[in-house]
Amino acid sequence: MKIVSVVGARPQFVKLAPIDKAMRAAGVEHVIVHTGQHYDPMLSDVFFDDLGIAAPDVHLGVGSGSHGVQTGSMLSALDGVFDAQQPDWVLVYGDTNSTVAAALSAVKMHLPVAHLEAGLRSFNRRMPEEHNRVLTDHAADLLLAPTKVAVDHLAAEGLAERTVLVGDVMTDVLYEVRDELAGRASSLVSELGVAPGGHYVATIHRAENTDDPARLAEIAGALASLDKPVVLLAHPRVVAKAAAHGIPLTEGSLISHGPLAYPDLIAAVMHSAGVVTDSGGLQKEAFLLRVPCTTVRTETEWVETVDLGWNVLAGTRAEIAAGVTRPRPADTAAAPYGDGRAAQRVVAELAAR
Ligand code: UD1
């Protein structure tokens, strides 16, 4: 069996790690195509190196651009790749422009497409990720859902017959890295000179939070006035937008810092007092590590984290402060994101069909 995985952005490399490992264990021929959507070494290469992922077999090098230009460049480059590879399955991941481009190219070439992390919905049609998810789910032949809620969303859209619940592959990689890190200090904690539990970890990168200067200034101001140092692991997009509008990202409690490699990020979160983020993956990672999370969005796809009390949605400065300083949530043994063996199930499902 030959499977082509198409990835391009940071969270997809994290999801690729357990899949690549499971494919190799199962003796599957796994071809990795990197679109080049993310190209900075700290957003791309470091994940392949640290998580032991085989180097990409094909690199399209599309880089940044408007949605249409970026997605279109991927589409035109992928036709030739798929034609040359003739895989049994094209596997696409998550909800980025790389996801929708690969799904569209493959379905038009009559190649079977499987969507990993299918069925997530924010129901916010202004998010580029929401367009990408809905379009990809409806194009794909096999929908690999991470949660029961995702399965229900797909059923509500008439896609039940193509859906299978496999669990969340981000749980697989997180548990593995957490266990490797056990007992080890966080390099970020040492670098900052704070006591364990003496800082917050923040990430902000979504267009709705970065592209309006008033919105970005409100979030930066809220983080700057928190009661402990807040390390903002700044995506290039937030750095560029803050610089363009003269918004300081190091001020008061707020400390701007470059992105971290995956194991360093997990260690920084494990030793923190809490997470403030608009990332989807980090909301889940905080929950799985049982670190309280405050999500700077009006909705989340990962509703289980909110229902279980480990995540709160916050928009305004006051809501962010209240979220971060709320009492520690009640402990729970709930496991809505699976048991850490989702990747094996994905490979078994692909092989069975
Ligand atoms: C993309 C995904 C988003 C995902 C995020 C993870 C889409 C629509 N969005 O958002 O769902 O959560 O990745 O990080 O696919 N840039 C660099 N270096 C890079 C890559 C980007 O400097 O290696 C800068 C460029 O100025 C670029 C901007 O970041 O224009 C945005 O990059 P892009 O890939 O378009 O979207 P992300 O915001 O990273």
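It should be noted that the structure appears before, not after, this text.
Residues numbered from 1 in each chain as written. Predicted model: local features only at pLDDT ≥ 70, side-chain atom pairs only at ≥ 80, totals over all residues. Heavy atoms only, no water.

(A) Broad picture of the sheet that holds strand 7 (residues 163-165). Judged by pairing direction, the sheet is parallel, and its seven strands sit side by side in the order 3-2-1-4-5-6-7 without closing on themselves. Of all strands in the sheet, those with a lone pairing partner are strand 3 (58-59) and strand 7, marking the two edges. With four bridges connecting them, strand 4 (residues 89-93) and strand 5 (residues 113-116) associate as parallel partners. Looking at strand 5, one finds that leucine 91 is bridged to alanine 114. (Pairing = 2+ DSSP bridges. Helix = DSSP H or I, 4+ residues; strand = E, 2+ residues; numbered from the N terminus.)

(B) Geometry of the packing of helix 1 (residues 10-25) against helix 16 (residues 342-352). Contact geometry for helix 1 and helix 16: axes closest at 8 Å, N-to-C directions at 55°. Considering the angle they form, helix 1 stands oblique to helix 16. Judged by the sense of rotation from one axis to the other, the crossing of helix 1 with helix 16 is right-handed. Of the residues in helix 16, those in contact with Pro18, Ile19, Ala22 and Met23 of helix 1 are Ala343, Gln344, Val346, Val347 and Leu350. By residue class, the composition of the contact of helix 1 with helix 16 is eight nonpolar, one polar and no charged. (Axes fitted to C-alpha atoms, helices over the stretch in contact; angles between N-to-C directions. Parallel < 35°, antiparallel > 145°, perpendicular 65-115°, else oblique. Left-handed = near helix turned anticlockwise from the far one by under 90°. Contact = heavy atoms within 4.5 Å. Nonpolar A, V, L, I, M, F, W, Y, C, P; charged D, E, K, R; others polar.)

(C) Region of the structure containing helix 1. An ideal rise of 1.5 Å per residue puts 22 Å on 16 residues; helix 1 measures up with 24 Å between its terminal C-alpha atoms. Taken from the residues just after helix 1, glycine 27 is the one with a positive phi, measuring 70°. (Expected span 1.5 Å × (residues − 1).)

(D) Here's a closer look at the pairing of strand 4. Counting buried residues in strand 4 gives five out of five residues, a clear majority hidden from the surface. Taking every second residue as pointing to the same face, both faces of strand 4 are buried, with Trp89, Leu91 and Tyr93 on one and Val90 and Val92 on the other. When strand 1 (residues 2-7) meets strand 4, the two strands line up parallel, connected through four bridges. In the strand pairing of strand 4, valine 4 is matched with valine 90. Handedness of the β-α-β unit built from strand 4, helix 4 (residues 97-108) and strand 5 comes out right-handed. (Buried < 20%, exposed > 50% of the residue type's maximum accessible area, 1.4 Å probe, protein only. Right-handed = clockwise from strand over helix to strand, strands pointing away.)

(E) Layout of a negative patch on the surface. Together, Asp45, Asp49, Asp50 and Asp264 line one region of the surface with negative charge. Ranked by the residues each element gives to the negative patch, the list is headed by helix 2 (residues 45-50), at three residues. A residue is classified by how much of its surface remains accessible, and aspartate 264, at 33% relative accessible area, is partly exposed. (Patch = residues over 30% accessible without salt bridge, like charges linked within 9 Å, V, L, I, M, F, W, Y side chains within 5 Å. Areas by Shrake-Rupley, 256 points an atom, 1.4 Å probe, with all protein chains shown as cover. Salt bridge = Lys/Arg side-chain N within 4 Å of Asp/Glu carboxyl O. Lys, Arg positive; Asp, Glu negative; His and termini not counted. Charge placed at Lys NZ, Arg CZ, Asp CG, Glu CD.)

(F) Layout of the sheet that holds strand 13 (residues 311-313). Spatially, 10-9-8-11-12-13 is the arrangement adopted by the six strands of the open sheet, whose pairing is parallel. Two strands lie at the open edges of the sheet, namely strand 10 (254-257) and strand 13, each paired on one side alone. With strand direction ignored, the average angle separating the axes of adjacent strands in the sheet is 20°. Bridge analysis of strand 8 (residues 200-203) against strand 11 (residues 274-277) gives four bridges, and the strand direction is parallel. Of the residues in strand 11, the one forming a bridge with valine 201 is valine 275. The strands touched by helix 10 (residues 213-224) are strand 8, strand 9 (230-233), strand 10 and strand 11; relative to strand 10, the strand with the most contacts, the crossing angle is about 115°.

(G) Molecular detail of unusual backbone geometry. A positive phi angle, near 60°, is found at phenylalanine 123, a position not held by glycine. Along the chain, phenylalanine 123 falls in the loop between strand 5 and helix 5 (128-139). Judged by relative accessible area, phenylalanine 123 falls into the exposed class, the value being 59%. Positive phi values are uncommon outside glycine, yet arginine 290 reaches one of about 55°. Residue placement: arginine 290 occurs in the loop between helix 13 (280-288) and strand 12 (293-295).

(H) Structural view of the pattern of salt bridges. For the coordinates displayed, the defined rule picks out 22 salt bridges. Taking the shortest distance from any N to any O, the salt bridge between glutamate 157 and arginine 121 comes out at 2.8 Å. Here glutamate 157 is found in the loop between helix 6 (148-156) and strand 7, whereas its partner arginine 121 is found in the loop between strand 5 and helix 5, with 36 residues between them in sequence. Judged by relative accessible area, arginine 121 falls into the buried class, the value being 2%.

(I) Broad picture of the site of the ligand. Around the ligand sit 20 residues, and of these Gln37, His38, Tyr39, Glu129 and His235 come closest. Residue glutamate 129 places a side-chain N or O atom 2.6 Å away from an oxygen atom belonging to the ligand. Within the side chain of histidine 235, one N or O atom sits 2.8 Å away from an oxygen atom of the ligand. For the ligand, whose unbound accessible area comes to 740 Å², protein coverage reaches 84%. Assessed atom by atom at 2 Å from the grid points, the ligand resides in the largest pocket. Mapped by element, the contributors of at least two residues to the shell around the ligand are helix 1, helix 3 (67-85), helix 5 and helix 11 (236-244). Split into classes, the residues belonging to the shell around the ligand amount to six nonpolar, nine polar and five charged. Residue contributions to the shell around the ligand reach at least three from each of two domains, namely domain 1 (2-168 + 338-352) and domain 2 (177-324). (Near = heavy atom within 4 Å. Polar contact = N/O pair within 3.5 Å; in protein donor to acceptor, adjacent residues only side chain to side chain. 1 Å grid on protein atoms, 1.4 Å probe; cavity = no way out; pocket = protein on both sides within 12 Å on 5 of 7 lines; lining within 4 Å. Sits in = over half its atoms within 2 Å of the grid points. Domains from an automatic or database assignment.)

(J) Expanded view of the pairing of strand 10. Where strand 9 meets strand 10, four bridges bridge the pair, whose relative direction is parallel. In the strand pairing of strand 10, leucine 232 is matched with serine 256. The parallel pair strand 9 and strand 10, bridged by helix 11, forms a crossover whose chirality is right-handed.

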